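Listed below are the residues making up each chain.
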Amino acid sequence: MRRSPLLAALVATVLVVTACGGSGDDPDDASAGPDKVNAGVIAIVDVAPIYLGKAKGFFSKRDIDLTLTTAQGGSAIVPAVLSGEFQFGFSNTISLLLAQSRKVPIKAISNGNNSTGVDGKDFAGLFVKADSPIRTAKDLAGRKVAANTLKNIVETSVRASVRKAGGDAAKVGFAELAFPDQLPALQSGQVDAIFVVEPFQQAALAAGARRIASSYVDVAPDLTVAMYFTSQELLARDPDLVRRFTEAMKESLAYADEHPDEVRAALGDYTKIPPEARAALVLPRWPSEVNRASVETLAGLAQTDGLLTAPPNLDALLP
């Protein structure tokens, strides 16, 4: 979710939507059969519930013919939802807060995934080399941390860890590196620390990297890391479809949270994580409801860090 392409795409897409009124099947056409829905997702562990829910028939029993289309991130998913290419999408909470603060017409309709809330046992972590002089997040002041996307949830979360440890969060530098490139960059000394999610966390541990913080846990207990969302245009045009999709999504989340073994099996359907690696993963939590208090905390931190210039309207964004 690169910042500049996202902003440019959002502006262009809003103009297209305003002119064309979006796209999609006519909800009044009863003869069309199940509603064909295309949802934009990312091929990561976080979205396992929607794949599992599709396989279990949670969407089809609500008359939804669901297609899941993978994208690189929010830079593709948000504008695609606005244009109607996707009816629903998955994005991290900071990206959605940024979009709402810029009056982008989107609405979160379901929780996505949450931190485990357990320090040292979360699905994401902040790591340094085993022999690094960095002992805690406080020592990151004046150092460089790898983040998969700049000016987003990783920066906000890592800075929260630095503050918690008593360090100067404003003095931490960040370098944008894709998750697969972060461990090699750490090992070669290009960066001083990395923030990675599963399965890259397991690769870091296997390589001997040392965890110094569980940054999502440091932000807030039970942090809502990501959510599913739709466009305000679709919400106004076909609220019944949005309701049915939301119900199916909540059932999928609850089922995934209660059946981790089936989640690990489902990962084999859309990722290349081998079975032995899937068994070792720390899975996120998938509560069916958004933790509003955690989103409020994240929004406040984003303002402190200068990502948000004004408080977002959470009533307009959240379910």
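Residues numbered from 1 in each chain as written. Predicted model: local features only at pLDDT ≥ 70, side-chain atom pairs only at ≥ 80, totals over all residues. Heavy atoms only, no water.

(A) View of the overall build of the protein. Across its full length, the protein carries 14 helices and 10 strands. Counting only residues that meet the buried cut, the protein has 54% of its 319 residues in that class. Here the contacts in the protein between residues at least 6 apart in sequence split such that 80% fall between residues at least 24 apart. (Helix = DSSP H or I, 4+ residues; strand = E, 2+ residues; numbered from the N terminus. Buried < 20%, exposed > 50% of the residue type's maximum accessible area, 1.4 Å probe, protein only. Contact = heavy atoms within 4.5 Å.)

(B) Inspection of the sheet that holds strand β7 (residues 173-176) at higher detail. Judged by pairing direction, the sheet is mixed, and its 5 strands sit side by side in the order β7-β6-β8-β5-β9 without closing on themselves. Across the chains shown, the open sheet's two edge strands, defined by having one partner strand only, are β7 and β9 (210-213). The mean inter-strand angle of the sheet, taken between neighbouring strand axes irrespective of direction, is 35°. Relative to β7, strand β6 (residues 144-147) is paired through 4 bridges, and the arrangement is parallel. Bridged to A146 within β7 is A175. This element, helix α6 (residues 179-188), spans β5 (124-128), β6 and β8 (193-197) of the sheet and lies at about 150° to β8. (Pairing = 2+ DSSP bridges. Axes fitted to C-alpha atoms, helices over the stretch in contact; angles between N-to-C directions.)

(C) Main features of the nonpolar core. Membership of the largest hydrophobic core comes to 105 residues, with the highest contact counts inside it found for I50, L126, L140 and F245. A total of 8 residues in this core trace back to one element, the largest contributor, which is helix α10 (residues 239-258). Once residues within four sequence positions are removed from consideration, F245 is found in contact with V37, I50, F59, I64, L66, F88 and I109. (Core = buried A, V, L, I, M, F, W, Y, C linked by side-chain atoms within 4.5 Å.)

(D) Region of interest: the packing of helix α2 (residues 48-56) against α10. At a closest axis distance of 8 Å, the pairing of α2 and α10 adopts a crossing angle of 105°. With respect to each other, α2 and α10 are oriented roughly perpendicular. Residues P49, I50, L52, G53 and K56 of α2 touch α10, and the partners they reach there are F245, M249, S252, L253, Y255 and A256. Across the contact of α2 with α10, the residue classes tally to 8 nonpolar, 2 polar and 1 charged. (Parallel < 35°, antiparallel > 145°, perpendicular 65-115°, else oblique. Nonpolar A, V, L, I, M, F, W, Y, C, P; charged D, E, K, R; others polar.)

(E) Quick look at helix α11 (residues 260-270). Buried within α11 we find V263, R264, A266, L267 and Y270. The buried side chains of α11 occupy one side of the element, clustering within an arc of 160° when seen end-on. Counted as exposed and oriented over 90 degrees from the buried face of α11: D261 and D269. Tucked into the core, α11 has its buried residues touching α2, α10 and α12 (275-280). (Arc of directions from axis to C-beta.)

(F) Looking closely at the sheet that holds strand β2 (residues 64-70). Pairing is mixed in the open sheet, where 5 strands are placed in the order β2-β1-β3-β10-β4. Two strands close off the open sheet at either side, each with one partner strand: β2 and β4 (106-114). The average undirected angle you get between the axes of adjacent strands in this sheet is 25°. Pairing between strand β3 (residues 88-92) and strand β10 (residues 224-231): 5 bridges, direction antiparallel. Residue pairing across strands places G89 opposite F229, the latter belonging to β10. Strand contacts of α2: β1 (35-41), β2 and β10, with the helix running at about 145° to β2, the strand carrying the most contacts.

In short, geometric facts, not functional conclusions.
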